[in-house]
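Chain by chain, the residues:
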Amino acid sequence: DVKVTQSSRYLVKRTGEKVFLECVQDMDHENMFWYRQDPGLGLRLIYFSYDVKMKEKGDIPEGYSVSREKKERFSLILESASTNQTSMYLCASSEGGQKSQPQHFGDGTRLSIL
Amino acid sequence: GEDVEQSLFLSVREGDSSVINCTYTDSSSTYLYWYKQEPGAGLQLLTYIFSNMDMKQDQRLTVLLNKKDKHLSLRIADTQTGDSAIYFCAERGTYKYIFGTGTRLKVLA
């Protein structure tokens, strides 16, 4: 079974802090994704990566950056946290290549910025 | 652009069938997916359908695809209280996955 592990289920930080959200997958997947989920807005893609050291902006990259130094790990960084970044953050991974490959999700990190 | 739409809420009685609907815009999508999200958890893949299929059945789940109308539905037979969750429809767009806003299914005992 695919396992996508997010480092924290709940996180509370203060405005202006630099925040790191970590995600690890154990299935050697090429693709990894970061989303945020807000009520009534569904999932919005922040960044994704199709290979090590490679990153692409999603729909809402402002205020975020990412790092993929190893294939299994994809980190989301909030450079200077703000209250409007309070949200549920979901990491996902998928195999590369054929379009059939579905995404597999972690359990999410509920981040509160005070 | 690419977009996926779903109704926000659905309420059914235990034992009845549930039908969750979804419309999408990207006619080039080859696969469409259904995910389930239980409270406080991530998204769990339920099933997916290839665009050259009209129907796919997997135990209590039936997926129907109408490519002409770009309409996808998920039918859950004999709905149970454990089926209460948010259900997301998703398509693989040009280079990324596009998700609907999710349909919250409430099952009444």
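Caption draft 1: Molecular detail of the side chain of His29(A). In this fold, His29(A) is placed in the loop between strand 3 (19-25) and strand 4 (31-38). By relative accessible area, His29(A) is classed as buried at 3%.

Caption draft 2: Examining the packing of aromatic side chains more closely. Overall, the coordinates contain 16 aromatic pairs over all chains when judged by the stated rule. Seen in terms of ring centroids, Tyr31(B) and Tyr48(B) are 5.8 Å apart; in terms of plane orientation they differ by 65 degrees. Their pairing is edge-to-face. Taken together, the positions of Tyr31(B) in strand 4 (residues 31-37) and Tyr48(B) in strand 5 (residues 43-50) put the pair 17 residues apart, joining distant regions of the chain. For Tyr31(B), a relative accessible area of 16% corresponds to the buried category. Here the aromatic cluster, defined as three or more aromatic residues joined through ring pairs, consists of Phe33(A), Tyr35(A), Phe48(A), Tyr50(A), Phe105(A), Tyr31(B), Tyr33(B), Tyr35(B), Tyr48(B), Phe50(B), Tyr97(B) and Phe99(B). Seen from the ring of Tyr48(B), Lys56(B) lies directly overhead, with NZ or CZ sitting 4.6 Å from the centre.

Caption draft 3: Broad picture of the state of the cysteines. Within the structure shown, the criterion is met by two disulfides over all chains. With its sulfur 1.9 Å from that of its partner, Cys23(A) forms a disulfide with Cys91(A). On the sign convention where negative is left-handed, the bridge of Cys23(A) and Cys91(A), at about -80 degrees about the S-S bond, is left-handed. Of this pair, Cys23(A) sits in strand 3 while Cys91(A) sits in strand 9 (residues 87-94), placing them 68 residues apart in sequence. Bridging Cys22(B) to Cys89(B), the disulfide has an S-S length of 2.0 Å. With the S-S dihedral at roughly -60 degrees, the linkage between Cys22(B) and Cys89(B) falls on the left-handed side. Taken together, the residues Cys22(B) in strand 3 (residues 18-24) and Cys89(B) in strand 9 (residues 85-92) connect sequence positions 67 residues apart. By relative accessible area, which is 1% here, Cys89(B) ends up buried.

Caption draft 4: Looking closely at the sheet that holds strand 3 of chain A. Residues and elements named next belong to chain A. Strand order across the open sheet formed by four strands is 1-3-8-7, with antiparallel pairing between neighbours. Each of the sheet's edge strands pairs with one partner strand only, and the pair in question is strand 1 (4-6) and strand 7 (64-70). Neighbour to neighbour, the strand axes of the sheet diverge by 20 degrees on average, direction disregarded. The pairing of strand 1 with strand 3 spans three bridges and is classified as antiparallel. Within strand 3, the residue paired with Thr5 across the bridge is Val24.

Cut-offs and rules
- Residues numbered from 1 in each chain as written.
- Chains lettered and ligands numbered in written order.
- Predicted model: local features only at pLDDT ≥ 70, side-chain atom pairs only at ≥ 80, totals over all residues.
- Heavy atoms only, no water.
- Helix = DSSP H or I, 4+ residues; strand = E, 2+ residues; numbered from the N terminus.
- Buried < 20%, exposed > 50% of the residue type's maximum accessible area, 1.4 Å probe, protein only.
- Phe/Tyr/Trp six-rings, centres within 6.5 Å; stacked < 30°, edge-to-face > 60°.
- Lys NZ or Arg CZ within 6 Å of the ring centre and 35° of its normal.
- Disulfide = S-S within 2.5 Å.
- Pairing = 2+ DSSP bridges.
- Axes fitted to C-alpha atoms, helices over the stretch in contact; angles between N-to-C directions.

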